[in-house]
Protein chains: 2
Amino acid sequence: MSRLSLNQWTTRRWSVAEAVDGCVRHGVEAIGLWRQDVTAQGLAETVKLVADAGLRVSSLCRGGFLTSGGRQALDDNRRAIDEAAELGAACLVMVVGGLPGVVPGEPLGTISRDLPAARERVAEALAELAPYAGERGVRLALEPLHPMYCADRAVLSTLGQALDLAEPHPPEQVGVVVDTFHVWWDPQVMAQIARAAGRIASYQVCDFLSPLPADVLLGRGVMGDGVIDFAPLTGAVAEAGYTGDIEVEIFNADVWAADPDEVLALVKARFGELVGG
Amino acid sequence: MSRLSLNQWTTRRWSVAEAVDGCVRHGVEAIGLWRQDVTAQGLAETVKLVADAGLRVSSLCRGGFLTSGGRQALDDNRRAIDEAAELGAACLVMVVGGLPGVVPGEPLGTISRDLPAARERVAEALAELAPYAGERGVRLALEPLHPMYCADRAVLSTLGQALDLAEPHPPEQVGVVVDTFHVWWDPQVMAQIARAAGRIASYQVCDFLSPLPADVLLGRGVMGDGVIDFAPLTGAVAEAGYTGDIEVEIFNADVWAADPDEVLALVKARFGELVGG
């Protein structure tokens, strides 16, 4: 239980200050933060809140959005790296972006359908960002997203692909995220988790709901409410040598509508029953 | 254009007789049939309708549903094989089924979360069915479905996994389906299509819509309405030696609500512009 980390968006109504306080009250020792909430709270104040509470920052969400190219995206990622360094975050989660021009939830306008080119652009941007992160002691964590988000959120779709992308870079600069929701279906998941030894920067857990809700982004459930068998995945991640925090990240309309204290109590109970670690 | 095949559910309001007639009127030379519609029309009558119209039957949809085990599923698949033989279908499309107990669109009840076991059950059932299909000259076509359907429709999620499953069996007994909607996102798709040489039993096309509709089963669009770049996939399938029909299969509420003749005209136009082959 000491490895449980609360990703702030599991209790999305809570500000950074409220989430830090919630962690302390519930005996949770680590927190995953989101950039926009840190900005709203103030970066310096967040650093102080987290330090005073004695919490570890298991991740900062998120950098990425690299597929459309341009200096602006790189500059914003450098700022995200600086923030992660300031917060002492174990990693900066990278959601690489979808096909150029595709906007989540919006009808298609002018887009690029060249998926290999979009993927290549991610590799190029990473080559620019990894040394910058390395100089600041920040680890970029490439997050493969479920293939249903390939068009609109991340052209990085499997753990194997994330490891291929990470390979040219030192493991302390570029690691990967293993998120049960995104990888549970993959016939190669066990082999790729084993291959990820030394590269696992974050292990995130939540369940995959069936049926999916109308907005598939919100198809994440509290562990036990969906179809995922967590123990083998947790076991494989441990076998690969990962000893860091295990972050619970749930995007779900019902969870967000519920009392955050009740959510955190339920998350703790289910984590103990189902996730292990 | 001579390789275009109309999957009957693209014009779902049409009976078999109407779809056959539609193909003739629009100069489409092949049709993909669905078992329940064939049953409604009568098997013998369907055989005669198709023969009189001079159409090829590019596929019969569908066998499968093998993950829950039991004799009943095997018996039903043997009947499906018999029907495919009677129709002279180029293949019987196999949708292997989701996790035992998971019902599409329904809240979860008692289910199995053991995904490797469900996948193993498919391999076992296939070992029983392949020789039966071989004796009747029917080719089983394993269809990997998009990973978003792993829980509720098919634990077969990638082309690579389908080829692994097919490998123990002669290519004329067990092939695979390459469906653009299901495989376009896969970082390994080009390598796996090349590996599929001699195993491609069906090439199906439709687009992947973004955003997805509330019912993700209906996220299939007319070519050009979504995010898929068809030419490279068609090229790879041709390079792998596939010269059979190219079936257009679109599950989409708007398409189903439209005049089937207009749908077929649009499908023909977009096929010519975008799919090639």
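Residues numbered from 1 in each chain as written. Chains lettered and ligands numbered in written order. Predicted model: local features only at pLDDT ≥ 70, side-chain atom pairs only at ≥ 80, totals over all residues. Heavy atoms only, no water.

Description of the nonpolar core
- One finds A:Trp184, A:Ile193, B:Trp184 and B:Ile193 to be the most contacted residues of the largest nonpolar core, which totals 202 residues.
- If sequence neighbours within four positions are ignored, A:Ile193 has contacts with A:Leu159, A:Val178, A:Ile200, A:Leu233, A:Ala236, A:Val237 and A:Ala240. (Core = buried A, V, L, I, M, F, W, Y, C linked by side-chain atoms within 4.5 Å. Buried < 20%, exposed > 50% of the residue type's maximum accessible area, 1.4 Å probe, protein only. Contact = heavy atoms within 4.5 Å.)

Structural notes on the packing of helix H4 (residues 71-87) of chain A against helix H5 (residues 115-135) of chain A
Residue and element names in this part refer to chain A.
- The geometry of H4 relative to H5 is characterised by a closest axis approach of 10 Å and an angle of 25 degrees between their N-to-C directions. One way to sum up the angle between H4 and H5 is to call them roughly parallel. For the pair H4 and H5, the sense of crossing is right-handed. Where H4 approaches H5, its residues Arg71, Leu74, Asn77, Arg78, Ile81 and Asp82 are matched on the opposing element by Ala125, Glu128, Leu129, Tyr132 and Ala133. (Axes fitted to C-alpha atoms, helices over the stretch in contact; angles between N-to-C directions. Helix = DSSP H or I, 4+ residues; strand = E, 2+ residues; numbered from the N terminus. Parallel < 35°, antiparallel > 145°, perpendicular 65-115°, else oblique. Left-handed = near helix turned anticlockwise from the far one by under 90°.)

A short note on the UniProt feature "domain: Xylose isomerase-like TIM barrel" (unreviewed entry) in chain A
- Cross-referencing UniProt, the feature "domain: Xylose isomerase-like TIM barrel" (unreviewed entry) maps to residues 23-259 of chain A in the present numbering.
- Between the end C-alpha atoms of residues 23-259 of chain A there is a gap of 14 Å, over a span that is 40% helix and 17% strand. (UniProt positions renumbered as here; feature names shortened; annotations may be inferred.)

Comments concerning the interface of chain A and chain B
- Contacts between the two partners involve 37 residues from chain A, matched on the other side by 37 residues from chain B.
- Counting the surface lost from both chain A and chain B, the interface buries some 2,600 Å², and carbon and sulfur atoms represent 66% of this.
- Connecting chain A to chain B are zero salt bridges.
- Our count for the contact surface shared by chain A and chain B stands at four residue pairs in polar contact (both at pLDDT 80 or more). (Buried area = accessible area lost by both parts, 1.4 Å probe. Salt bridge = Lys/Arg side-chain N within 4 Å of Asp/Glu carboxyl O. Polar contact = N/O pair within 3.5 Å; in protein donor to acceptor, adjacent residues only side chain to side chain.)

Re the sheet that holds strand S10 (residues 246-248) of chain A
All names here are of chain A.
- Read around the closed barrel, the eight strands follow the order S1-S2-S3-S4-S5-S6-S7-S10; overall the barrel is parallel. Put simply, the sheet's adjacent strands are angled 30 degrees from each other on average, direction ignored.
- Pairing geometry for strand S2 (residues 30-34) and strand S3 (residues 56-64), over five bridges, is parallel. Within S3, the position partnered with Trp34 by the bridge is Cys61.
- Contacting strand S1 (4-7) and S2, helix H1 (residues 16-26) runs over the sheet at an angle of about 165 degrees to S2. (Pairing = 2+ DSSP bridges.)

Let's talk about the relation of the copies chain A and chain B
- The transform that puts chain A on chain B rotates by 180 degrees and translates by 0.0 Å along the axis, for an RMSD of 0.0 Å. Taken together, the turn and the small shift mark the pair as related by a two-fold rotation axis. In terms of proximity to the rotation axis, the leading residue of chain A is A:Ala214, whose C-alpha is 2.0 Å off the axis.
- When you check the interface residues of chain A against chain B, 100% turn up at the interface there too, and the contact is symmetric in its surfaces. (Least-squares fit on C-alpha atoms with pLDDT ≥ 70 in both.)

Considerations on the pattern of salt bridges
- Considering all chains together, one arrives at 36 salt bridges over all chains under this definition.
- For the salt bridge of B:Arg35 with B:Glu83, the shortest nitrogen-to-oxygen distance reads 2.9 Å. Note that B:Arg35 is positioned in helix H2 (residues 35-41) and B:Glu83 in helix H4 (residues 71-87), a separation of 48 residues in sequence.
- Here B:Arg56 and B:Asp245 are joined by a salt bridge, their closest N and O atoms 2.7 Å apart. Remark: B:Asp245 occurs in the loop between helix H9 (230-239) and strand S10 (246-248) and B:Arg56 occurs in strand S3 (residues 56-64); sequence separation between them is 189 residues.
- Given a relative accessible area of 35%, B:Arg56 falls into the partly exposed group.
- Taking the relative accessible area as the measure of exposure, B:Asp245 reaches 12% and is therefore buried.
- One connected set of salt bridges, linked through shared partners, spans A:Arg35, A:Asp76, A:Arg79 and A:Glu83.

A word on the pairing of strand S6 (residues 174-179) of chain B
Residues and elements named next belong to chain B.
- Here S6 lies mainly inside the structure; six of its six residues are buried.
- Of the strand pairs in this sheet, strand S5 (residues 140-142) and S6 are connected by three bridges, and their pairing is parallel. Bridge pairing in S6 places Ala141 opposite Gly175.
- Handedness of the S5-helix H6 (residues 159-166)-S6 crossover: right-handed.
- As judged from the four bridges shared by S6 and strand S7 (residues 200-205), these two strands associate in the parallel manner. Across the sheet, residue Val177 finds its bridge partner in S7, namely Ser202. (Right-handed = clockwise from strand over helix to strand, strands pointing away.)

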